[in-house]
Amino acid sequence: MLIGIKKLNCEVYRMSANEMKPIKEGKVREIYDNGDSLIMVATDRISCFDVILKNIIHKKGTVLTQMSKFWFDMTSDILPNHMISADVKDMPEFFRQPQFDGNSMMCKKLRMLPIECIVRGYITGSGWTSYQKNGTVCGITLPEGLKESDKLPEPIYTPSTKAEIGDHDENISFEQSVEHLEKEFPGKGAEYAAKLRDYTIALYKKCADYALTKGIIIADTKFEFGLDEEGNIVLGDEMLTPDSSRFWPADGYESGHGQPSFDKQFARDWLKDNEGNHDWELPEDIAQKTIDIYLEGYEMLTGKKLEA
């Protein structure tokens, strides 16, 4: 049986990682410099509402890495991605330890673009809240009469800025994304913004269509892109994981209310329902249910089973 909370594992992981320290730590991922490449390790941490929870969700990092690998392989015909290998046998000896096996990916070094590329195929979450107020989502006017969780006539692209840990991302319009990119890449802002939008929509459509055949609705997700040494746009970071997406079971889908999900929305909902009474820590049964949900979604989408 999987253990939802294992604080000891976190301590062991930290001690063993002293030998080779990450050059950057995000809410969930740790990045190591490997000379001409990077090694990204998805930890078993979980963040909600931009806060890193106190829990360790055993096997979560493996789900994130293997899910990204699955989608990277599937979409390489649309554009290149940063993945070199997800096999620790291809990595330095330090990473051939149990705590890195399955949750580590060797990647190309990219100059990351300062935009989070969000695509929404269904109206839910903050989009639904905004629509109820003024009929728009991130400045985009939508048809009247939509209900919560309705499928949108066409997926919409709603970019945001990238926030540092502890801060919140800021939703911006497409025009603002042009300005944002132009500051860092003079003369390229409009070109890059248009390509990011088009790639985001194309990736979402292909993956959402596939997921539906496996019984999963991808309600929304986010992508991140960077530039390689030749200046080409490359897909980076993670892709269509339970941390970056809303996955709903297609069986039983009904608009007009919120949907059950195969992602961390379950943990978010518990925190929201118990606001002021959790100190950013999930009870063990909620943590266990969270990883069970991640694993079920992974197995439905990939047809593969992860060993506990």
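Model, not experiment: these values are computed from the prediction.

Reading the values: rules and limits
Residues numbered from 1 in each chain as written. Predicted model: local features only at pLDDT ≥ 70, side-chain atom pairs only at ≥ 80, totals over all residues. Heavy atoms only, no water. Axes fitted to C-alpha atoms, helices over the stretch in contact; angles between N-to-C directions. Helix = DSSP H or I, 4+ residues; strand = E, 2+ residues; numbered from the N terminus. Parallel < 35°, antiparallel > 145°, perpendicular 65-115°, else oblique. Left-handed = near helix turned anticlockwise from the far one by under 90°. Contact = heavy atoms within 4.5 Å. Nonpolar A, V, L, I, M, F, W, Y, C, P; charged D, E, K, R; others polar. Buried < 20%, exposed > 50% of the residue type's maximum accessible area, 1.4 Å probe, protein only. Pairing = 2+ DSSP bridges. Core = buried A, V, L, I, M, F, W, Y, C linked by side-chain atoms within 4.5 Å. Phe/Tyr/Trp six-rings, centres within 6.5 Å; stacked < 30°, edge-to-face > 60°.

Visitor: Requested: an account of the packing of helix α2 (residues 60-75) against helix α5 (residues 189-213), with residues and values cited.
Guide: Orientation of α2 relative to α5, taken along the N-to-C sense of each, is 110°, at an axis distance of 11 Å. Compared by their axis directions, α2 and α5 come out roughly perpendicular. The crossing of α2 and α5 is right-handed. In this structure, α2 contributes F70, W71, M74 and T75 to the contact, and α5 contributes L203, K206, C207 and Y210. Considering only residue class, the contact of α2 with α5 consists of 6 nonpolar, 1 polar and 1 charged.

Visitor: Any chance you could break down the pairing of strand β2 (residues 29-33) for me, citing the residues and the numbers?
Guide: Where a strand is regular, its side chains alternate between the two sheet faces. Along β2, 4 of the 5 residues are buried, which leaves the element largely enclosed by surrounding structure. Hairpin connection, strand β1 (residues 24-25) to β2: the antiparallel pair is bridged by 3 residues. The pairing of β2 with strand β3 (residues 37-42) spans 5 bridges and is classified as antiparallel. Each residue of the ladder has a partner; that of E30, found in β3, is V41. Hairpin connection between β2 and β3: a loop of 3 residues separates the two successive antiparallel strands, and G35 in this loop has a positive phi of roughly 75°.

Visitor: Please give an account of the nonpolar core that cites residues and values.
Guide: With 66 residues, the main nonpolar core has W71, L196, I218, F223, F225 and M239 as its most contacted residues. For this core, the element with the highest residue contribution is α5, accounting for 9 residues. Sequence-distant contacts of F223, that is, excluding residues within four places in its chain, are made with I115, E116, C117, V119, T200, L203, Y204, L235, M239 and L240. Of all hydrophobic cores here, the second largest spans 9 residues; its members include Y32, I39, V88 and M91.

Visitor: Residues and numbers for the packing of aromatic side chains, please.
Guide: In the structure shown here, the tally under the stated rule is 16 aromatic pairs. Centre to centre, the rings of Y32 and F94 are 6.3 Å apart; their planes meet at 55°, and the pair counts as tilted. Residue Y32 is located in strand β2, and its partner F94 is located in the loop between β6 (83-85) and β7 (104-108); the two are separated by 62 residues in the primary sequence. Judged by relative accessible area, which is 0%, Y32 ranks as buried. Given a relative accessible area of 9%, F94 falls into the buried group. Centre to centre, the rings of F70 and W71 are 5.2 Å apart; their planes meet at 75°, and the pair counts as edge-to-face. Across this residue pair, the class does not change: F70 and W71 are buried. By way of ring pairs, the aromatic residues Y32, F94, F95 and F100 are connected into one cluster.

Visitor: Explain unusual backbone geometry residue by residue, including any values.
Guide: We note that K59 has phi near 85°; this positive angle belongs to a residue other than glycine. If you trace the backbone, K59 turns up in the loop between β5 (51-52) and α2.

Visitor: Please give an account of the environment of V88 that cites residues and values.
Guide: Of note, V88 is situated in the loop between β6 and β7. The exposure class assigned to V88 is buried, which follows from its relative accessible area of 9%. Taking the C-alpha atoms as reference points, V88 and I118, 30 residues apart in sequence, are found 31 Å from one another. In contact with V88, other than residues within four places in its own chain, are F95, R96, F100, D101 and S104.

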